[in-house]
Amino acid sequence: MATVSQSPPAGAAPVLPELPKDALVIVPVRGFVLFPEVVMPLSIGRAVSISAAQAAVRQGLPVGVLAQRDAAVDEPGPADMHGVGTIANVLRYVTAPDDKHHLIVQGEARFRIVEFLPGWPFLVARIARIAEPTDDGPEIEARLLNLRRQALETIALLPQAPQGLAEAIGNIASAAALADMVAAYLDITAEEKQELLETVALAARLDKVLLLLAQRLEVLRLSAEIGRDVQEHVGSRQREAMLREQMAAIQRQLGEDDGKGAEIAELAGRIAAAGMPAEVETAARKELRRLERTPDGAAEQGMIRSYIDWLVELPWALPEPKPIDIAAARASLDADHYGLDKIKRRIVEFLAVRKLAPQGKAPILCFVGPPGVGKTSLGQSIARAMGRAFVRVSLGGVHDEAEIRGHRRTYIGALPGNIIQAIRKAGSRDCVLMLDEIDKLGQGMHGDPASAMLEVLDPEQNGTFRDNYLGVPFDLSRVVFIATANMLDAIPGPLRDRMEIISLAGYTEEEKLAIARRYLVRRQQDANGVAAEQVTLDDAALGAIIRHYTREAGVRSLERAIGQVIRHAAVKIAEGSASHIALGEGDLEEVLGGPIFENEVAQRTSVPGVATGMAWTPVGGDILFIEATRMPGSGRLILTGQLGEVMKESAQAALSLVKSRAGSLGIDPQLFDKNDIHVHVPAGATPKDGPSAGVAMFMALMSLFTGRTVRSDTAMTGEISLRGLVLPVGGIREKVVAAAGAGITRVMLPARNRRDYEDIPASARDAISFVWLETVEDAIANGLDPQVPAAAAKKGESA
């Protein structure tokens, strides 16, 4: 039982020197700071502290409660103590059975150490009392009110606040006393409390206490808010669980608890009938058991059910292989597509290999060509020839890897990727899956979908394709993948390496006419509700639409123009003003307006300094004009027409080549120093780049400086070197077809492009004569007119 007394235990008290009037017995404390006017318990256990407290109590003297600088020092000396402490009266001295000594002390006033005195077995020091400031005024009163409000709010948020503390704080009228009271009970470190004790200025002390109290109050507010949220969540979960149990009990009483059991049994039967691999069936049955244990209405119930539905609806079993009729496939391709003989031959080879080796790993085809040439319809024809389901996945603009691999099931609204979704839609694991616009895959912050496609299109890996949503492998090795693209350069190298590239070039004028006659007119008649005998278009009208109203590699614009003409006739038939309308070339201007495209080659190349080049674009071939002129200046080269860096370098190389051959060509070298040369490529809003305009730029400059015009019936392409060599370029088929469509009858091509001659359609080869260039001298000899008309010569001199 503890002993409680006003004095220390009785015993022989040692004889001690008398304390000076301005001296105090110092009780050193660790981790404790006492403030004036505050009653606090104080536990002491070190001999120096016990002897000091007992001596003060025996003599009825106050003590000086002084904090140590370093709490780790067991026997503190004067150097180990702070300089400011609190004079305290010992209200009660308690000795516990375990020899622990406890004091109840009340702070009286601050003091400052003057000096420590020797001669006592404990610390004794001369002190100077620190008078409490009596500052008053609006600023102190405002701080007092703010401090009281914050202190009361803090006490309200404390889980175990001392009884009567709120009332005591409310009754304190002194700002200094309130600041010391709040500091004493504030949950801060002993160092921060000592700093407050040493702050004598009242305004500064109030500001420090307010700052510390505001920080603590914010923590308490957040803690209370978190506690309320947790309590609400737990309460709502408990309430939900209780209501579900009650609902289940009511259903059992009504005999309506068989619904879930029947659903589980149905799903179990579907899992057994799905033909899943063992690993997949194990995962499905595990999720089925989870679904059975999940209460009705739980959030995860719908997620589990959706996952199981995806598993059982996917075509896991391989269907019976269907025979491939090569002759029927060839007939189907011929019926659906005009021309494209080389492409059809490769597709027939592909089908023949699939027929002879159905278990083999067939190549993945990628049709590359301009829009409107039939890439997608070729895939549909392959599916019909193989007797398989056809499904299309559009990859244009896809910039999230999850669109290919799927989302993980942890996300709300997660779904498998487009590949698995397409196979589910097809309902067959050996479908023909077209990956449309694979060159337009994007890349964003959510990963690179092109990299995700590597596994899909790799025959060595796609047998165990793992969608993030399914989480189990799915065999894609029986899927026939066919990709389409407009530009080969936009497809990443590793992805391009996994596919066999089949190029589809643009159609010639004759091919477009045949396609329009066989397919487009009939399709537009059906689309606009007119019979074949009600509206007819003759070949002259179709040819005029092709030449004067459309200029494209495919036939989409041609079909739109045909539809516009047929709709114009359909209006008259619907009005009853005619029952049959035969449209000819003369009727087109009324419907389509004046011709959009004209043959202006002869007009534009009738002056020196203009040459006709040939270009390749993503939508087919085209012709372009290189215009050069000169004016007095300092020898600058000016390039306009939104040219790319490579094309600018070609122009510089062409000019250097002309300068190097000026003497042999009869050109005055001083012309280059006294004139600025301007090279322009019209259609300035269209970006242009590439090295294939080198020959055309060289010929334009030669024409400018010699005054001889470039032949108006001739177009040219080829890269040039500073040695005068003409180097090979790409896109020969598209360029020649475009030149023939523009009325060109003669083309100059690099001699090393003879290998591309067989790829040029026979109709274009028959309509155009070819000049093969080894050097630029061959271009000069075959491309410039032999003599200059007088008018042209005058224009050349004035330039």
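Now for a description of the structure that goes with this document. Note that this is a predicted model, so its numbers are computed, not measured. (Residues numbered from 1 in each chain as written. Predicted model: local features only at pLDDT ≥ 70, side-chain atom pairs only at ≥ 80, totals over all residues. Heavy atoms only, no water.)

The helix and strand tally for the protein stands at 29 helices and 25 strands. What you see for the protein is a C-alpha radius of gyration of 48 Å, clearly larger than the 28 Å of a compact globule of 799 residues, by over 25%. Its C-alpha atoms put the protein at 140 × 95 × 60 Å along the principal axes. Contacts in the protein between residues at least 24 apart in sequence constitute 74% of all its contacts with a sequence separation of at least 6. Taken as a whole, the protein presents about 39,000 Å² of accessible surface, with 52% of it coming from carbon and sulfur. Each charge class in the protein can be summarised by its mean position, and for the 87 positive and 102 negative side chains these summaries are 3 Å apart. (Helix = DSSP H or I, 4+ residues; strand = E, 2+ residues; numbered from the N terminus. Rg over C-alpha atoms; globule rule 2.2 N^0.38 Å. Contact = heavy atoms within 4.5 Å. Areas by Shrake-Rupley, 256 points an atom, 1.4 Å probe, with all protein chains shown as cover. Lys, Arg positive; Asp, Glu negative; His and termini not counted. Charge placed at Lys NZ, Arg CZ, Asp CG, Glu CD.)

Residues Asp 538, Glu 585, Asp 587 and Glu 590 make up a contiguous surface patch of negative charge. Mapped onto the elements of the fold, Glu 590 is located in helix α20 (residues 588-592). The exposed category is assigned to Glu 590, whose relative accessible area is 57%. (Patch = residues over 30% accessible without salt bridge, like charges linked within 9 Å, V, L, I, M, F, W, Y side chains within 5 Å. Salt bridge = Lys/Arg side-chain N within 4 Å of Asp/Glu carboxyl O. Buried < 20%, exposed > 50% of the residue type's maximum accessible area, 1.4 Å probe, protein only.)

Looking now at the side chain of Arg 46. Within the element layout of this structure, Arg 46 appears in the loop between β3 (39-44) and α1 (47-58). Among buried charged residues, Arg 46 stands out as having no salt bridge; its nearest opposite-charge side chain is Asp 74, 5.3 Å away. Here the side chain of Arg 46 touches Gln 68 through a polar contact of 2.5 Å, side chain to side chain. When sequence neighbours within four positions are dropped, the list of residues in contact with Arg 46 reads Pro 28, Val 29, Arg 30, Gln 68, Val 73, Asp 74 and Pro 76. (Polar contact = N/O pair within 3.5 Å; in protein donor to acceptor, adjacent residues only side chain to side chain.)

This part covers a nonpolar patch on the surface. On the surface, Leu 222, Ile 226 and Val 230 cluster together into a nonpolar patch covering about 280 Å² of accessible area. With respect to the helices and strands, Ile 226 occurs in helix α6 (residues 202-254).

One finds Phe 35, Leu 103 and Leu 147 to be the most contacted residues of the largest nonpolar core, which totals 59 residues. At eight residues, the largest contribution of residues to this core is made by helix α4 (residues 175-185). If we ignore the near neighbours within four places in the chain, the residues touching Leu 147 are Leu 178, Ala 179, Val 182, Leu 206, Val 209, Leu 210 and Leu 213. Within the second largest apolar cluster, 55 residues are counted, among which are Leu 267, Ile 271, Ala 414 and Met 453. (Core = buried A, V, L, I, M, F, W, Y, C linked by side-chain atoms within 4.5 Å.)

Each aromatic ring pair is described using two quantities: the centre-to-centre distance and the angle formed by the ring planes. Using the criterion set out here, one finds six aromatic pairs in the structure. Ring geometry for Phe 672 against Phe 705: centres 4.7 Å apart, planes inclined by 50 degrees, an arrangement best described as tilted. Remark: Phe 705 occurs in helix α25 (residues 694-706) and Phe 672 occurs in helix α24 (residues 670-674); sequence separation between them is 33 residues. Take Phe 672 and Phe 705: they sit in the same class, and that class is buried. (Phe/Tyr/Trp six-rings, centres within 6.5 Å; stacked < 30°, edge-to-face > 60°.)

So, about helix α28 (residues 776-783). Regarding α28, the residues found buried are Val 776, Ala 779, Ile 780 and Gly 783. Here the buried residues of α28 occupy an arc of 100 degrees about the axis, which is enough to place them on one side. (Arc of directions from axis to C-beta.)

Under the defined criterion, the tally for this structure stands at 40 salt bridges. Taking the shortest distance from any N to any O, the salt bridge between Arg 270 and Glu 313 comes out at 3.6 Å. Here Arg 270, found in helix α7 (residues 259-273), pairs with Glu 313, found in helix α9 (residues 299-313); they are 43 residues apart in sequence, far enough to count as distant. Classification of Arg 270 by relative accessible area gives partly exposed; the value is 27%. The partner of Arg 523 in a salt bridge is Glu 559, with the nearest N and O atoms 3.0 Å apart. With a gap of 36 residues between them, Arg 523 in helix α17 (residues 509-527) and Glu 559 in helix α19 (residues 556-575) connect regions that are remote in the sequence.

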